[in-house]
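Here are the chains, one letter per residue:
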Amino acid sequence: MTATIANRIGQAALVLLLAFTASFLLLQALPGDAILIKYQNPEMGLSPEQIAEIRLRYGADAPLWAQYGNALWNVLQGNFGYSVQAGVPVNALLATNLPPTLRLASLGLLVAVLLAGAVAFAATLAPFRWLREALQSLPSLMIAVPVFWLGIMLIQLFSFRLRLVPVINPSELQALILPVATLAVPIAAPLAQILIRSLDEAELQPFVAVARAKGASRSSVLWHHVLRNALLPVLTIAGVLFGELLAGAVVTETVFGINGLGRVTEQAVSNQDTAVLQAIVVLAAAGFVLINLAVDLVAPLIDPRLQRSTEALA
Amino acid sequence: MSIHPFKMLQRPVQVAVTALLFSSVSTGALLARDQPVQGGTLVYLEQQAHTNLYPPAGGFYPNSGILNQITDKLTWQNPDTLEIEPWLAESWDVNSDATEYVFKLRPGVTFSDGTPLDAAAVAKNFDVFGLGDKERGYPVAEAINNYEASEVIDPLTVKFTFTAPAPGFLQATSVIGSGIVAPSVLEGPYEELGDATKIIGSGPFVVESEVLGQNLTLKAREDYNWGPLNIGHEGRAYLDAIQFIVTPEDSVRIGALLAGQADFIRQIQAYDEPQVEAQGYLIHSAPTRGVNNNVTFRPENPLVGDLRVRQALTAATNTEEIVSTLFSAHYPRATSVIASTALGYVDLSDRLAFDPDRARALLDEAGWTVGADGIREKGGTRLELSAYESLPQPQNRATLQLLSQQWAAVGVKLNVLAGDSGSATQDNLDPLKTPIRPAMVGRADPDVIKSNFYPTNRDSLLQKGGTNPNATWEDPQLNELLLAIASEPDTDKRLDLTGEVQSYLLDKAYVIPIFEEPQVFAGAPYVHGIGFDAVGRPSFYNVWLAPR
């Protein structure tokens, strides 16, 4: 058991190091850098000597390996460096922006799960064929709609036309409604798609025939017996969903003008703020690792057959 | 039997009394609409968050929107007459060659933390603005040239000395970059001034709270009593508070205004103006009175190093088409290098006439023959140019694309590049990669031309000694003229020189001015008293909200 844990931790550390190094090299390969963008801006009106001095202060032209070593050493100590554009330490930036994004993302995921469940069950239980087919193609529509367009349309309809939810100066609860809805739609799509497929497949299993023979109704069979079996494929795409959540958060936060990691990412990309981008890459990699670990731990709980096989191996 | 006093009155008297009652009510209502109302909160939507509130960083419009309410300046430039009038300084003396300025300050002015705004505070401010502070990372203010030192003569008198004539300094004391802050603000590092709550000024509003990157609340300063004489009223601001909310998405900003969720917004594109005006809301378009929105050539690039090519491209540009297709009545066509509302403007529209035949003739003369695909070539080289769009300029991408179409008609190809900021910033320093660059500067003083073209300032032409370390090209005659403007103490001579440099720039076809770029805002009809400084920065001191 401890061997497996140590193994997993070692793997996780390797993944994080690779992510860090790869992002460092790729960002350095880009032309220009954050300092150039911020201070070369004509609006600042700085002379070339002043800009050269600023570059010296930031150590922007030090050799590559020196910058890498420096950055790595700092990260190991928990210091992600300094955001050139915002002028604050990256840790402070993350501390203020991570909680709102986590809140948005977790609520978005929750609503997405409910939405996907609703669509999947409706599609499976639909009485008419045309209805079933329409509902089955709904996930494709949901994923095809661009997130920013959806966000703007929701604002126009619910905030400006129907005046149900204010966009400016909303209360805490009001501020979450539209962004969560916007974020939930593209997340619910793959969930719904997979759930529909796996519900269909699980329904063909022999134990379903037994349950029906014993007199259970179709929906009761789906809910009590089939769902647990159908959940496993859904869990496996949890990592993909996490990536979609991050991407969705970037667009949603920009459209709604709310603070969060997504907005920070978007601005860091525009300004080539290397320190911030690397911190986000490391955080995202850590997130993936944790989610995969969580899925591996939860899967045997959902499907006891996995538990027995892991026991056999151990 | 009950007595009804009213009915007992004679009928004409009844009518007269009723009429009197009604008229007094309606007059009262009319008066209420015209008289400023004290109180209320203005909800102002900004497109971008502020970056830093060090006053010389106020060139960036989101920064200046805040700085203009919380800081005051020594002088006030009347936006209508462009004259410099007293504000924190009651009077001033300038010596004959503009190397010494003495300001007498208005007594009784305090910062919002209670400390007095005296000569020592003003001296400290300008020492930092004029000389910078390397240790703390404060850059030198763009508007201040040749600063040497300050001297406190008495608590209300301060003297500034310059190493060379600085005729633009008086106007420089009125720009947003010279907002006076409490000396304690300038003790910390530059980055700290990104936090608005740290800025202590003497302005009519004070920063109350802030959520960085999202919103900011200002509240009125009760004891404010030192506005400029001609600004509109005295005493504290009418508003109780202003809420700045960052709303990056255009449609959300406009929609919020029209839905009544916001009162005033900045940045509204020309194509969105009709929907705002259709609902009875107001477009406030403030001129920036500086160098017009233009494309500047980098003559170091051999393709545009030939005067005839530049003249041809100027003749091939149809600014009328650009303005009428992409913009609205608020964006006047350019008729010179600087705006028609700018100081020292001369009408040079004859040099900017649209003449595609002349363009073709010039290009033929320069030896560029039309190739098989319609693009001219000479000695195996195609006449193909590139330019990166300039994001702060409105609809710049569309402007460049339309320009590209117009130039294609005379056989020149213009590639419009978006590019991320990194490659755009880097390539803009290389004339071979970017023979053309869009530019614009807002400042209501002839020094603005020097700001744009001089090598050690913005260096649009990429001359030797400027931002491009590998530059070999320069125009000493132009630089001499620019320096002369910045150092000529006599006002009339200075304006003459300004006219001369505009003619010179257009004779050499270094720049193609396109339109006079305004700052465009939109406001609800119940918002009264919006004011702008000389370059379109909003002032909310006089603003009052009519009851809706």
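Residues numbered from 1 in each chain as written. Chains lettered and ligands numbered in written order. Predicted model: local features only at pLDDT ≥ 70, side-chain atom pairs only at ≥ 80, totals over all residues.

Chemist: Could you give an account of the overall build of chain A, with specific residues and numbers?
Modeler: When its secondary structure is counted, chain A shows 15 helices and zero strands. On the principal axes, the C-alpha backbone points of chain A span a range of 85 × 60 × 30 Å. Within chain A, residue pairs in contact and separated by at least 24 positions form 72% of the contacts whose partners lie at least 6 positions apart. (Helix = DSSP H or I, 4+ residues; strand = E, 2+ residues; numbered from the N terminus. Contact = placed C-beta atoms within 7 Å.)

Chemist: If you had to explain the environment of Ser209 of chain B to someone new, which residues and values would you point to?
Modeler: Residue and element names in this part refer to chain B. Turning to its location among the elements, Ser209 is positioned in strand E8 (residues 205-211). Ser209 sits in the exposed class, given 12 other C-beta atoms within 10 Å. Separated by 129 residues in the primary sequence, Ser209 and Ile338 have C-alpha atoms spaced 39 Å apart. (Buried ≥ 20, exposed ≤ 12 C-beta atoms within 10 Å, placed from the backbone.)

Chemist: Which residues make up the interface of chain B and chain A, and what are the values?
Modeler: Contacts between the two partners involve 34 residues from chain B and, on the opposite side, 35 residues from chain A. Of all the elements in the fold, those that place two or more residues in the side of chain B that touches chain A are strand E10 (241-246), helix H6 (250-258) and helix H13 (421-427) of chain B. Per element, the largest residue contribution to the side of chain B that touches chain A is five residues, and it comes from H13 of chain B. Class assignment of the residues belonging to the side of chain B that touches chain A gives a composition of 11 nonpolar, 18 polar and five charged. (Nonpolar A, V, L, I, M, F, W, Y, C, P; charged D, E, K, R; others polar.)

Chemist: Describe in detail the packing of helix H10 (residues 206-213) of chain A against helix H11 (residues 218-236) of chain A, supporting the description with residues and values.
Modeler: Residue and element names in this part refer to chain A. Relative to each other, H10 and H11 sit at 140°, their axes nearing to 11 Å. Relative to H11, H10 is oriented so that their crossing is right-handed. Of the residues in H11, those touching H10 at Phe207, Val208, Ala211 and Arg212 are Val221, His225 and Val226. Per-class residue counts for the contact of H10 with H11 are five nonpolar, one polar and one charged. (Axes fitted to C-alpha atoms, helices over the stretch in contact; angles between N-to-C directions. Left-handed = near helix turned anticlockwise from the far one by under 90°.)

Chemist: Give me the environment of Gln267 of chain B: which residues, what numbers.
Modeler: Residues and elements named next belong to chain B. Topologically, Gln267 is positioned in the loop between strand E11 (264-266) and helix H7 (273-278). On the basis of neighbour count, Gln267 is assigned to the buried category, with 21 C-beta atoms found within 10 Å. Not counting residues within four places of it along the chain, the set of residues in contact with Gln267 comprises Gln47 and Val520.

Chemist: Tell me what's going on with helix H3 (residues 61-70) of chain B, and back it up with residues and numbers.
Modeler: In terms of residue burial, H3 of chain B counts as a mostly covered element, since nine of its 10 residues are buried. Three or more residues of H3 of chain B are buried, namely Tyr61, Asn63, Ser64, Gly65, Ile66, Leu67, Asn68, Gln69 and Ile70 of chain B.

Chemist: Just give me the short version of helix H16 (residues 491-507) of chain B, but keep the residues and values in it.
Modeler: Residues and elements named next belong to chain B. With 17 residues, H16 extends 24 Å between its outermost C-alpha atoms, agreeing within 8% with the 24 Å of an ideal straight helix rising 1.5 Å per residue. Listed in full, the buried residues belonging to H16 are Arg494, Leu497, Thr498, Val501, Gln502, Leu505 and Leu506. Along H16, the residues classed as buried sweep out an arc of 170° about the axis, all on the same side. Residues of H16 that are exposed and point over 90 degrees away from its buried face: Asp492 and Asp507. Buried positions along H16 lie against helix H14 (447-453), helix H15 (476-487) and strand E20 (511-515). Immediately downstream of H16, the backbone of Ala509 shows phi near 50°, a positive value. (Expected span 1.5 Å × (residues − 1). Arc of directions from axis to C-beta.)

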